Each structure stands twice: as structure tokens, then as C-alpha cells.
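Topology and contacts: notes
So you can see what is in the structure, the chains are spelled out below.
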Amino acid sequence: MDQREEALAGMAGTRLDLLVIGGGITGAGVAREAALRGLRVGLVERNDFAAGTSSRSTKLVHGGLRYLKSGDFRLVREAVLERQRLIQMAPHLVRSAAFLFPVYRGDPDPLWKLRIGLTLYDWFAGRHRVPRHQVHAPAGVLAQEPLLQPAGLTGGAIYTDAVTDDARLTLAVLASARQAGALVANYTEVTGFTHGQPPRRQVTAVCLRDHLGDASLTVGCRTVLNATGPWLDALRRLEDPGAVPVLRPTKGVHVAVPGHRLPLRQAVVLRSTDRRLMFAIPSGDYTYIGTTDTDYDGDLGEPPVDAADVDYILAAVNRSFPDCRLTVPDVVSVWAGLRPLLDPGDGRRPAEVSRDYRLFRSPGGLVSVGGGKLTTFRAMAVQIVDELLPESRGRVPAVAAVAPLPGAARPTPAEVAAAAASAGVPQELAVELAGRHGSDFIQVLAELRPGDLDAPRRTVCLRLQTRYAVRHELARRLADVLVRRTPEFLFSADNGRDLAAAVAADMAELLGWGPERTQAELAAYLDQVGQMQAWRRPDSGSPP
Ligand code: FAD
């Protein structure tokens, strides 16, 4: 039995205190918090972990400067404090980064307003030592980012926030949950609920479909949390067909271009042609830009990117960086995510809908969490477990709740060099792996096999991570490795197609795939890349 099958068998063989539905950041955070409190916890995800919104965000761990404008001070303060906690808990995954916010004549927020907002932002960070924001005259702004449009520039400010790898952060939180005893399985869908006797008819068990084992099982549980993000209402209706929808999903698109086509020294805040705020964020050899924010009522699984979404983003970049002249052929990858926002019930613009979260309890006792942010997952998890299982309140010592995530003990350069020497690998390879996996890079390096080093560095790096991902991170399909556990799909020139066969061969060996399954995995991956690039077809393009 592999770890995933063991987790499912464990769930079937016990009555859980809590079953979490959904392996995005919200579900992962709750499973971790509950497991740390010593509760019997299971988490099931019908696709791969983070396959929903939690791998499709702007990848910021941030207070959300723009929410100050709508007076969401509590939310912003909480998010700023969580940002600082996460930098400590996962320094290999959540990194402080400088952001430049240029201001132009006629912008909705003049420099003096930005200065007030950033003063508050810094103040919210409290005792945490964060570099204070700096306000610059136009010449200072251009010295920082020489490619910015100089015409109309009235000044700008540099402030600190943080960037992350959203999918890997989710995986690290799940790894921490598993270490604390949570039973966790991907490719396991909730297909129904069992209710107890009237009059209360409370949910007593959940019906699961194991898509890899092609089996069904029923798991008894005291409480169930629906943390399915954009699928929230679908799950609520599965349990209570009369449930009134509470979500108003909005779609957000990003595009990535090679870094040399938009060379930035730091992340930059941009304004779209309709004056919405967007970000351009350098990430390794690439720069990504986003996001759009439009109401969405299509298929929740793979929200499509339209040519018009891409044009809108490129127009915003070219407005701010006119000399870059980005065009469609510069775009390497795109991604679209759905924000599981709560419907305020009025006609306000998508960007004005609050990012706060709320719990909904059905008559059968199913608790559903709607809204929220990647940044605040930990604080949300504490509040949710307090609410769901109040007797467990205070059971986890405060230090454990903010204890480092796996891999967090960042290795020193000397340790990395020593590990590279002892494994006999080039130092740059060890540096790259340590950058992504923190102190766990030693276990990744341990996957090295004779003959591996004959291949180019990128291939070696990917193959080591593939084997590690299968053995330690429950990667079970080709896309699990290429899309969410490594940057290949989004941040490589060929979207990982050139190395897909090598990865599939390693997975086949470790997971016992025959030639047919291996070919099917390859075909599915190439199809996914094709879908991601479908916006280039001439028939794609409704306005965002
Ligand atoms: P999801 O990640 O969608 O997870 C829900 C999971 O439930 C899915 O994986 C799905 O497969 C699973 N599921 C569905 N049905 C079932 C079933 N029947 N059985 C089992 N599993 C099921 N926040 C930030 O803090 N910073 C940002 O920079 C940021 N940028 C964003 C940009 C965009 C474009 C978007 C869309 C959001 C952004 N957010 C950001 C918000 C943040 O990404 C989301 O709040 C967060 O990822 C939601 O996580 P979740 O776990 O609630 O949902």
C-alpha cells in the first residue's frame, strides 16, 4: 500500500473528528491546525492538491494595499501580520520583496494618499522589522525602473510585501498536517453525504470516490468542512439541494513573459487602461503580470483565458513600459484562477467585493467556508477550528501553531556547498534545489542515481524533484510534477513539453505504470499545454 492508499484506509477504518473537503490552501491550513490540536483529521481532494485557485493566484503574501481604500483595516492588518509570520514559518517559500508603486498625474490615488496608506501598512507590521516605505520624486522612481513611462510621472514609493510559490506553499502546509497526523489523499472526490436519523438529520458520514484506485468508500466523521473554494455552492447543494448560492466567482488571468522582455529590478504596481491596479512581478528568468478581475459563470474546472484577457494585460504593461512593446509572441504562458468571493448581493464591481471570509452552516451541520485569501490561511484556520470543534480551543501551544513548515530551516551557503560536494553534483544544482526546497534539498539530492549527471542541469534538477515528489509529496500524475511541484508548465520556454517524457519515465518506474498508462499521461499533459495555449487561436476572444 502506498502512502495515499494508507491514508484512505486509515480514514475508512476510524471515525474522524473532522473531514476536510478540498486540498487548496484553505483546506490544507485547517487540516494542519486541527491535526496540531491532536484531532483525528482527514482531508480529501478530488484533483491534485492546489489544482484549483491555490496554484493560480498572483502568488503574493501581502496585506493588500488597495483594501485600505475600502476601509478593510482589520483584514489588511491581519494579512500584514500573517505575512510576517509566514516569512518566519517558511522562509524558503515566502520571501520579502520590494514593490515600486509609481504615481501619474490623473491617477485615482495621488502621492499623498499613497503615503498615508503606506504609513498605515508599515504601522500594521508592528514590532516586525520591515523596511519602511520610501517616497521618491520622479527622478528617483526612474532610477529604480528606467523603463517606466516618464511622461506624467509625479513620483512613487517603494514598499515591502512578499512573494511565494502558491502551490508549493499549499504542499508544505499539507506536509506539516501529515507530520502532525492528518490523513491526506488527492484524487479522492466527495460524491455524497450520509445523514443520521430525523429530526436532526446531521451529516454522519461522507461518500468518497477514489479516482486512482477506482473504488468507493464511506468515511464516518463528527464534523465536515467544505473548503472547496469556487466549488463551494456545488458541494453545499450536494448535501442540501435547497441551498441558496453564496458565491460570486470572479476570474483573474496572468501572463508570463521572458524576463529580458520586461526586465525589472523589483515588482512594480501597474494601472490597466481602465485604471485598475495590477502587478508585474519578476520570478527567476521570467516576469509575470496580472491580474484581470471579471465576473465568471462558466466551467469551474479550467476557466479559459481569452485573447482579449491577454491583450488587456499587454496593453497595461505597454502603457507603463512603452519601450518594451510586448506583443502576443512574447507570452510564454497564461493562467486563470477563480476567486471564491462572497456575493454581497449588490451590483458592485468585482474588484470591490470584499476578500474576507465567512462560514455557512447547513441544517445538516455541513460547514462551508467562502472567501478568504492565500495570505491569511493560517489565521482563518485557527478561527475555523475554534468554531467547528470548540472543545479543542487552546489545545495547540502558540509556538506550534506558528512552527516552521517542513524545509524551513534555511541551509547556509556553506551547508549547500558541503552537500553538493558530498553528493558530487555541481554547486549551482544544489543552490537551485535549496532555493526551492529549503533544508529538504538534502532529501531531493538523495534521489541522485548513477548516470544522472550526464544530462543537462535542468534535466537533472527536474528528475531529482520528480522522484522526490512521488516519494514524499504524493505526486501521482505527470501534471502533478510539471504543473504544481516544479515551475516547468508556467515558467519554461516549452512549458515542460521537452522534458515530459523523461519525467513520465521516472514516474512510470516508481509508480509501476505500463507503457499504455505512461503514454496516456504524456498525452494528457500535452493536451493541458494545448489548452493553456488555446487563447492564441484566432477564434478566442471575448472582452474581459
Ligand atoms: P481552492 O484552491 O480552489 O481549493 C478548493 C479545492 O477543492 C480544489 O482543489 C478542488 O479540486 C477541490 N474540490 C472541489 N470539489 C471537490 C469534491 N467534490 N471533493 C473533493 N475536493 C473537491 N490571495 C492572496 O493572498 N494573494 C494573492 O496574490 C492572490 N492572488 C489571487 C489571484 C487570483 C487570480 C485569484 C483567483 C485569487 C487570488 N488570491 C490571492 C486568493 C487565493 O488564491 C484564494 O483565496 C485561495 O487560493 C483559495 O483557496 P481555497 O483552498 O479556498 O480554494
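A short tour of the structure in this document, coming up.

Each value, and the rule that gives it
Chains are numbered independently. Their residues run from 1 in the order of the written sequence. The predicted origin of the model limits local features to residues at a pLDDT of at least 70 and limits the giving and counting of side-chain atom pairs to 80 or more, whereas totals for whole chains, interfaces and linings rest on all residues. In computing side-chain values, all of the structure's heavy atoms are included and hydrogens and water are not. Counting from the N terminus, the helices are the DSSP runs of H or I reaching at least four residues and the strands are the DSSP runs of E reaching at least two. C-alpha atoms define the radius of gyration, and 2.2 Å times the number of residues to the power 0.38 defines the globule rule. Under the scheme applied here, a residue whose accessible area is under 20% of the maximum for its type counts as buried, over 50% as exposed, and between as partly exposed, the area being computed with a 1.4 Å probe on protein chains only. Contacts between residues were defined by any pair of non-hydrogen atoms, one from each residue, lying within 4.5 Å. Positive charges come from Lys and Arg alone, negative charges from Asp and Glu alone, with His and the N- and C-terminal ends not counted. By convention, the charge on Lys lies at NZ, on Arg at CZ, on Asp at CG and on Glu at CD. Think of it this way: one heavy atom of a residue within 4 Å of a molecule or strand is enough to make that residue near it. Any pair of N or O atoms that falls within 3.5 Å is considered a polar contact. Within protein, one atom must be able to donate a hydrogen and the other to accept it, and sequence-neighbouring residues count only if both atoms are side-chain atoms. Note on areas: Shrake-Rupley, 1.4 Å probe, and residue coverage restricted to the protein chains presented here. For this scheme, ten residues count as nonpolar: Ala, Val, Leu, Ile, Met, Phe, Trp, Tyr, Cys and Pro. Four count as charged, namely Asp, Glu, Lys and Arg, and the remainder, Gly too, count as polar. An arc is given here, and it is the one of the directions from the helix axis to the C-beta atoms. Nonpolar cores are built from buried Ala, Val, Leu, Ile, Met, Phe, Trp, Tyr and Cys residues. Side-chain atoms within 4.5 Å join them into one set. Note on geometry: axes are lines fitted to C-alpha atoms, helical ones only across the stretch in contact, with angles between N-to-C directions running from 0 to 180 degrees. Under this scheme an angle from 65 to 115 degrees is roughly perpendicular, one under 35 degrees roughly parallel, and one over 145 degrees roughly antiparallel; angles in between are oblique. Take the number of residues in a helix, subtract one, and multiply by 1.5 Å to get its expected span. Salt bridges are defined by distance alone: a side-chain nitrogen of Lys or Arg within 4 Å of a carboxyl oxygen of Asp or Glu.

Per the secondary structure count, the chain includes 17 helices and 18 strands. In terms of overall size, the chain behaves like a compact globule, its C-alpha atoms giving a radius of gyration of 23 Å where 544 residues would be expected to give roughly 24 Å. For the C-alpha atoms alone, the extent of the chain along its principal axes is close to 70 × 60 × 55 Å. A buried classification covers 58% of the 544 residues belonging to the chain. Excluding contacts between residues fewer than 6 apart, the proportion of contacts in the chain whose partners are at least 24 apart in sequence is 72%. Separation of charge centres in the chain, based on 64 positive and 60 negative side chains, amounts to 6 Å.

Mapped onto the fold, serine 392 is located in the loop between helix H9 (377-388) and helix H10 (398-401). Judged by its relative accessible area of 0%, serine 392 falls in the buried class. The contacts of serine 392, once residues within four sequence positions are left out, are Arg37, Leu39 and Val385.

Below, the discussion takes up the environment of phenylalanine 360. Considering the arrangement of structural elements, one finds phenylalanine 360 in strand E17 (residues 357-361). You can call phenylalanine 360 buried: its relative accessible area is 13%. For the pair phenylalanine 360 and arginine 77, spaced 283 residues apart in the sequence, the C-alpha separation amounts to 24 Å. In this structure phenylalanine 360 touches Arg236, Val246, Leu342, Leu366, Val367, Ser368 and Gly370, once residues within four positions along its chain are discounted.

What follows deals with the site of the ligand. Taken together, the neighbourhood of the ligand is formed by 36 residues, with Thr26, Glu45, Ser54, Leu60 and Thr375 sitting nearest. Here a nitrogen atom of the ligand sits 3.0 Å away from a polar atom, N or O, in the main chain of valine 190. One of the backbone N or O atoms of leucine 374 is found 3.1 Å from an oxygen atom in the ligand. Calculation on the ligand without its partners gives an accessible area of 1,000 Å², and the protein chains cover 96% of this total. Of all the secondary structure elements, the ones that give two or more residues to the shell around the ligand are helix H2 (25-36), strand E8 (188-195), strand E11 (250-258) and strand E16 (333-339). Among the residues forming the shell around the ligand, the class breakdown is 11 nonpolar, 18 polar and seven charged.

Moving on to helix H1 (residues 3-12). Buried within H1 we find Arg4, Ala7, Leu8 and Met11. All buried residues of H1 project into a common sector of 95° when viewed along the axis, lining one side. Next to the buried residues of H1 lie strand E1 (15-21), strand E2 (41-44), strand E7 (183-185), E8, strand E9 (203-210) and strand E10 (215-226). Regarding H1, its N-cap is aspartate 2, as a side-chain oxygen of that residue lies 3.1 Å from the backbone nitrogen of arginine 4 further along.

A few words now on the nonpolar core. With 82 residues, the main nonpolar core has Tyr159, Leu262, Ile289, Phe321, Leu478 and Tyr525 as its most contacted residues. Leaving out residues up to four positions away in the same chain, tyrosine 159 has contacts with Leu65, Ala97, Ala98, Phe99, Phe101, Leu118, Tyr121, His133, Val269 and Phe279.

With that out of the way, let us pick up the packing of helix H3 (residues 73-89) against H9. At a minimum axis distance of 8 Å, the contact between H3 and H9 shows a crossing angle of 105°. Taken as axis vectors, H3 and H9 run roughly perpendicular relative to one another. On H9, the residues touching Glu78, Glu82, Arg85, Leu86 and Met89 of H3 are Phe377, Arg378, Ala379 and Gln383.

With 17 residues, H3 should cover 24 Å at 1.5 Å per step; its first-to-last C-alpha distance of 24 Å lies within 8% of that length. Most of H3 is tucked away, with 12 of its 17 residues classed as buried. Residues Leu75, Val76, Glu78, Ala79, Val80, Leu81, Glu82, Arg83, Gln84, Leu86, Ile87 and Met89 constitute the buried set of H3.

What follows covers the environment of aspartate 539. Along the chain, aspartate 539 turns up in the segment after helix H17 (515-532). Sequence separation between aspartate 539 and glycine 259 is 280 residues, and the spatial gap between their C-alpha atoms is 29 Å.

Scanning the entire structure with this criterion turns up 42 salt bridges. Notably, a salt bridge pairs aspartate 386 with arginine 37, separated by 2.9 Å at the nearest N-O pair. In this pair, aspartate 386 is assigned in helix H9 and arginine 37 in the loop between H2 and E2, connecting sequence segments 349 residues apart. You can call arginine 37 buried: its relative accessible area is 4%. Salt-bridge contacts for lysine 251 lead to aspartate 306; the nearest nitrogen and oxygen are separated by 3.8 Å. Of the two residues, lysine 251 sits in strand E11 while aspartate 306 sits in the loop between strand E15 (294-295) and helix H8 (307-320), which places them 55 residues apart along the sequence. Residue lysine 251 is classed as buried on the basis of its relative accessible area of 5%. What you see here is one network of salt bridges that share partners, running through Asp17, Arg40, Arg222 and Glu391.

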